[in-house]
Amino acid sequence: MMKMLIARLISILMLFCAGSWSACAVTSMATAKSTSTDATVSATGTPVALPFATTIGNKEAIRLQGHGATVKIPFSIPHGEDVTQIQVSLQGRISQGMSSSVLLEAVSNNQVIEQIALKPGSDLNNQFSIPSSHLDAGFHTLILKLVGVAGDSDSNWVQIDPRTSLFNYLSTPKAIEPRLDHLDWLFDRASLDYAPVVPIYGVDFSDYTEALAYAAQGIGLRYQFLPTHIQVKSLQTFLGKASNPLDAVLSDLPVGSRSALIIGTSTALAPVLQNLGVSAIRNATILVRQFPGHSHYNLLILTGRDSQEVLTAARSFANIQINYPSVAEMAIKNSRIENSAHSEPVPITASPFASASFPLLATGFKTTTLSGFSGPVSMQIWNGGWQREGELSLNLVYSAGMSATSDVNILFNGALEGSIPLNDPTGGKYVKYAVSIPSTEVKSGWNTLTLVPNLIPASTHDFLFNSERANLQLSVFANSTFTWQGGNALQHLDLTALSTAGTLNIRHGQTVNLFVPKKYSNHTLSAMTTLIGKTAQRYGAPFSVHTGGLDNLHSGPILAVAPLRQLPQSLLNHLGLTEPSGSNSDWGISRSLQDSLGNEDDQPSHYEFSLTNNGLAFSSSYDGHPLIVFSALNDGTLNKAINTLIGFGLWSQLRGFTDWWEIQGKTIHAVGMESVPFYAFGTSGGIGVWAGHHLWWAIVILLIFATMVSVLIYAMVRRRYHRLPKESAVRPAGSQTGGE
């Protein structure tokens, strides 16, 4: 009996302990779960905030209205970062008439990650996270979509402010394996730094100016669209003064930079190469290494036995179409850069500035299929001339089921220039359908071409009308062409071509003649490389460079980057610049600046200006070569001005023939083709431009000229008339004398 009682007590005690253990386990699991949640919220890393306006390149408010209204916001994950968290902060305004059932849906990587209920008449202020663990390095898209809208869509809208809506990152540096096929990762266009700084080190750049230019192109093309600031620095400072020169270089890196370039011969770079354990260099060589003891920092070295091999290595780096093997270093026997890595004589985006005929693809237009509900499609067309006519040659296909009244209208600067009928009920195709545009409708500079589809079903039923119209399709192909004809072409390169397409008027087989003063400074070289990198980005391909000086020019344009006092007098003369004299510190320019200064009634032939904090850009010609000059009062101001210029806001304002801007400013002042018509188009074209803008004055001058010609003719006729009696009186006497 006692044994049974003891057994019962033991079993009860075991049950009690088991229950207590279960409770403890549940409590422990709950605690663990809570800890996990807290860990997600308090993820570690360096915080980076990127506004939507930065990633999409537009500060205008985003408005979503009606069911299915969608906006795509790009974001990126760098290859050299371990992103632990991406939190989205949405800021904006919800309409007063918003239906309570409407949701703002967030989608990433084809997964719905958040659904936000929208309270009518309230501010939009929501935060949610994007799961980043399953996202690969590179570019991604956050899709925001309005769903659940029924009835009146006009009153159901949400407005998102891209300036205050943010991607909030937490990330830590991640080592990149040093391989040549990872070069795009070292200079990563997916970087969270939208103004990366890249240092280039060398011992003596006097023999490596061309190599610097090619290295700058390689950097700029890999960053693709990010304004990249390049700093040229002397390696001599660190050689011989430190037991390990790379430690000194590492401590000298600009804040935020984790990649650096070193350029020079193997002899000059011997201490660095020995420090990295690099074997003897026997050819042009490109190699990548990590800084010793610092795996998050990388070095790219362009070297060779002499300056020519260093140049070969730099050309190889500039050619982004080379598929490098998965090795840390490679010897290069030969590398050539034509004026373009593309099959066309110039990149397709530059062709509107370099040729009279170009495909619509060059304007950014892509082959587009329109439905019955599609709206107009517009594109910008550049006209670098005066009194030119245009011809649009369209390739298009339309589907069956069209009404005889269907068409696509062609508008140029808002005026109807043609209408293409789409009246075959079985569908049809047009190849090179020509629409002419008269010179009276064409403006110098930018023009707008608009295609307006009007697709109507052949047979309609009230209850099927929407579906019938939606089934109609029209495809317009990007190989359709636009051609300029006649008129006067520009005599000089408009800087709009440089800012838009990166073109320096390079023709097939030509070279850019790069001028940098012999007594250069690192500031001047930094300005030059930063500008070359930006130009290559806009051009979309590397271009060949020559630095032989003005006495040894190759066929092609001249690009000069130098302080004003270091520009040769011959260049100053072609630019119309005069140095200050005496106590006067202002420079003079003999070009009309009245339009930019706002004095339309005054037309000074000479203007003096102070350059204390200004950058300058000029377009002219030099002995038949297109001439583009970037300058400032001194090398420090020049470097700052170029670094300001290449930013997102300022570069796109570059235009005309004479530009200037403050080093901390946000506006470029420019003199364009209409301000200096004779300089832009020559004598005949200049007269036409001036007459077009001053019609009444032209009529008055024409009448005065006609009157003067009439008076002159009348005077000559009257004088001749009065001389006739005298001549007739003298003539018989002369004949009688001769008879005797």
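Residues numbered from 1 in each chain as written. Predicted model: local features only at pLDDT ≥ 70, side-chain atom pairs only at ≥ 80, totals over all residues. Heavy atoms only, no water.

### Brief notes about the packing of aromatic side chains
Heads up, the condition is: Stacked, edge-to-face and tilted are the three classes for Phe, Tyr and Trp ring pairs, Trp counted by its six-membered ring, which pair at centre distances within 6.5 Å; planes under 30 degrees apart are stacked, over 60 edge-to-face, the rest tilted. Helix and strand assignments come from DSSP, with helices taken as H or I runs of at least 4 residues and strands as E runs of at least 2, each series counted from the N terminus. Under the scheme applied here, a residue whose accessible area is under 20% of the maximum for its type counts as buried, over 50% as exposed, and between as partly exposed, the area being computed with a 1.4 Å probe on protein chains only.
Inspection of the entire model under this criterion finds 16 aromatic pairs. With a centroid separation of 6.2 Å and 80 degrees between ring planes, the pair formed by Phe-187 and Tyr-223 is classed as edge-to-face. Taken together, the residues span a long stretch of sequence, with Phe-187 in the loop between α3 (183-186) and β11 (197-202) and Tyr-223 in helix α4 (residues 209-223) at a distance of 36 residues. Phe-187 sits in the buried class, given a relative accessible area of 0%. Taken together through their ring pairs, the aromatic side chains of Phe-358, Phe-412, Phe-482 and Trp-484 make up a single cluster.

### Details of the sheet that holds strand β3 (residues 70-77)
Heads up, the rule is: Two strands pair if DSSP finds at least two bridges between them. A fitted line through C-alpha atoms represents every axis, and for helices the fit uses only the stretch in contact; the resulting angles, taken between N-to-C directions, go from 0 to 180 degrees.
In spatial order, the strands read β3-β8-β5-β6; together these four strands make up an open sheet with antiparallel pairing. Strands at the two margins of the open sheet, each flanked by one partner only, are β3 and β6 (111-117). The average undirected angle you get between the axes of adjacent strands in this sheet is 20 degrees. As paired strands, strand β5 (residues 103-108) and β6 are joined by six bridges and run antiparallel to one another. Paired with Leu-104 across the strands is Ile-116, a residue of β6.

### Some details on a nonpolar patch on the surface
Threshold: Patch membership is restricted to residues that have no salt bridge and whose relative accessible area is over 30%. Joining uses 9 Å for like charges and 5 Å for the nonpolar side chains Val, Leu, Ile, Met, Phe, Trp and Tyr. For the accessible areas, the method is Shrake-Rupley and the probe is 1.4 Å, while residue cover comes only from the protein chains on display. Just to be clear on terms, a salt bridge is a Lys or Arg side-chain nitrogen sitting within 4 Å of an Asp or Glu carboxyl oxygen.
A cluster of nonpolar side chains, contributed by Leu-702, Phe-705, Val-709, Ile-713 and Val-717, occupies part of the molecular surface with about 480 Å² of accessible area. Owing to a relative accessible area of 32%, Val-709 belongs among the partly exposed residues under this scheme.

### Describing helix α7 (residues 307-318)
Definition in use: Expected helix span is computed as 1.5 Å times (number of residues minus one). By definition, residues are in contact when any of their heavy atoms lie within 4.5 Å. Any pair of nitrogen or oxygen atoms within 3.5 Å is treated as a polar contact; in protein, a donor-acceptor pairing is required on top of that, and neighbouring residues in sequence qualify only through side-chain atoms on both sides.
Spanning 12 residues, α7 covers 16 Å between terminal C-alpha atoms, matching the ideal 16 Å at 1.5 Å per step. For α7, the buried fraction is high: 10 of the 12 residues fall into the buried class. Residues of α7 that are buried: Glu-309, Val-310, Leu-311, Thr-312, Ala-313, Ala-314, Arg-315, Ser-316, Phe-317 and Ala-318. Against the buried residues of α7 lie α3, α4, β13 (259-263), β14 (284-291), β15 (294-303) and β16 (329-332). Its side-chain oxygen 3.2 Å from the backbone nitrogen of Gln-308, Asp-306 forms the N-cap of α7.

### Notes on the nonpolar core
Stated formally: The set of buried Ala, Val, Leu, Ile, Met, Phe, Trp, Tyr and Cys residues whose side-chain atoms join them within 4.5 Å is what this entry labels a nonpolar core.
Residues Leu-142, Leu-144 and Phe-630 are the most contacted members of the largest nonpolar core, which totals 112 residues. Here this core gets nine residues from one element, more than from any other, and that element is α4. Ignoring anything within four residues of it in the chain, the contact list for Leu-144 reads Phe-52, Leu-64, Ala-69, Thr-70, Val-71, Leu-90, Leu-104, Glu-105, Ala-106, Phe-128 and Ile-160. Val-377, Tyr-430, Val-435 and Leu-455 belong to the second-largest nonpolar core, a separate cluster that totals 31 residues.

### Some thoughts on the pairing of β14
With seven of eight residues buried, β14 lies mostly within the body of the structure. As judged from the four bridges shared by β14 and β16, these two strands associate in the antiparallel manner. Following the sheet pairing, Leu-287 is matched in β16 by Glu-329. Sheet analysis places β14 next to β15, joined by seven bridges and oriented antiparallel. Counted as the bridge partner of Leu-287 is Ile-301 from β15. The turn joining β14 and β15, which pair antiparallel and follow one another in sequence, is formed by two residues; a positive phi near 80 degrees is taken by Gly-293.

### With respect to the environment of Pro-542
Examined against the element boundaries, Pro-542 turns out to sit in the loop between α11 (522-539) and β30 (545-546). With a relative accessible area of 2%, Pro-542 lands in the buried category. Considered as a pair, Pro-542 and Ile-532 are 10 residues apart in the sequence and their alpha carbons are 9.8 Å apart.

### Here we look at the confidence of the model for the protein chain
Interpretation of the predicted coordinates at a detailed level should be avoided for regions scoring low in pLDDT. To be explicit about the condition: Each residue carries a pLDDT score, the predictor's confidence in it, ranging from 0 to 100.
In the predicted model, the protein chain carries a mean pLDDT of 83, and the fraction of residues at 70 or more is 81%. The model gives residues 1-42 a pLDDT under 50, and that stretch makes two contacts with residues more than four places away or in other chains. Here residues 592-604 is modelled with pLDDT under 50, and outside its nearest four sequence neighbours on either side it reaches 22 contacts, counting other chains as well.

### A word on α4
The periodicity of an α-helix, 3.6 residues per turn, causes residues three or four positions apart to be oriented the same way. With 15 residues, α4 ought to run about 21 Å at 1.5 Å a step, and its terminal C-alpha atoms sit 21 Å apart, in line with that. With respect to burial, α4 is a largely interior element, 15 of its 15 residues being buried. Of the residues trailing α4, Gln-224 is marked for its positive phi of about 65 degrees.

### Details of the packing of α4 against α11
Which entries qualify depends on this criterion: Oblique is the label for any angle not under 35 degrees, not over 145, and not in the 65 to 115 range, which are roughly parallel, roughly antiparallel and roughly perpendicular in turn. Handedness of a crossing follows from how the near helix is turned relative to the far one, being left-handed for an anticlockwise turn of less than a right angle and right-handed for a clockwise one. Asp, Glu, Lys and Arg are counted as charged, while Ala, Val, Leu, Ile, Met, Phe, Trp, Tyr, Cys and Pro are counted as nonpolar; the rest, among them Gly, fall into the polar class.
Here α4 crosses α11 at 45 degrees, and the two axes come no closer than 7 Å. Our classification of the angle between α4 and α11 gives oblique. Relative to α11, the crossing made by α4 is right-handed. In this structure, α4 contributes Thr-209, Leu-212, Ala-213, Ala-216, Gln-217, Gly-220, Leu-221 and Tyr-223 to the contact, and α11 contributes Leu-525, Met-528, Thr-529, Ile-532, Gly-533, Ala-536 and Gln-537. For the contact of α4 with α11, the class distribution of residues is nine nonpolar, six polar and no charged.

### Regarding the environment of Ile-56
Of note, Ile-56 is situated in helix α2 (residues 52-56). Using a relative accessible area of 30% as the deciding quantity, one classes Ile-56 as partly exposed. Placed 17 residues apart in sequence, Ile-56 and Ile-73 show a C-alpha to C-alpha distance of 6.4 Å. Among residues more than four places away in sequence, those in contact with Ile-56 are Ile-62, Lys-72, Ile-73, Pro-74 and Pro-162.

### Let's talk about the pairing of strand β25 (residues 445-454)
Of the pairings in the sheet, the one linking strand β19 (residues 377-383) to β25 comprises seven bridges and is antiparallel in character. Looking at the pairing, Ser-378 lines up with Thr-450 of β25. Sheet topology places strand β22 (residues 407-412) next to β25; six bridges connect them, and they run antiparallel. Pairing of Asn-409 across the sheet is with Val-452, part of β25.

### Details of unusual backbone geometry
Glycine aside, negative phi is the norm for most residues, and most peptide bonds take the trans geometry. Non-glycine residue Asn-109 carries a positive phi angle of around 55 degrees. Tracing the sequence through the fold places Asn-109 in the loop between β5 and β6. Although it is not a glycine, Lys-432 sits at a positive phi angle of roughly 55 degrees. Examined against the element boundaries, Lys-432 turns out to sit in strand β24 (residues 428-437).

### Points about the pattern of salt bridges
Overall, the coordinates contain nine salt bridges when judged by the stated rule. Of the charged contacts, one joins Arg-179 and Asp-181 as a salt bridge, the two residues approaching to 2.8 Å between their closest N and O atoms. Across the salt bridge formed by Arg-222 and Asp-184, the nearest N and O atoms sit 3.2 Å from each other. Remark: Asp-184 occurs in helix α3 and Arg-222 occurs in helix α4; sequence separation between them is 38 residues. Counted as one network, the salt bridges with shared partners bring together Glu-177, Arg-179 and Asp-181.

### Observations concerning the packing of α4 against α7
As a packed pair, α4 and α7 sit with axes 8 Å apart at the nearest point and diverge in direction by 15 degrees. Taken together, the axes of α4 and α7 are roughly parallel relative to one another. As α4 packs across α7, the resulting crossing turns out to be left-handed. Facing α4, whose interface residues are Glu-210, Ala-211, Tyr-214, Ala-215, Gln-217, Gly-218, Ile-219, Leu-221 and Arg-222, α7 presents Val-310, Leu-311, Ala-314, Arg-315, Phe-317 and Ala-318. Its residues assigned to classes, the contact of α4 with α7 comprises 10 nonpolar, two polar and three charged.

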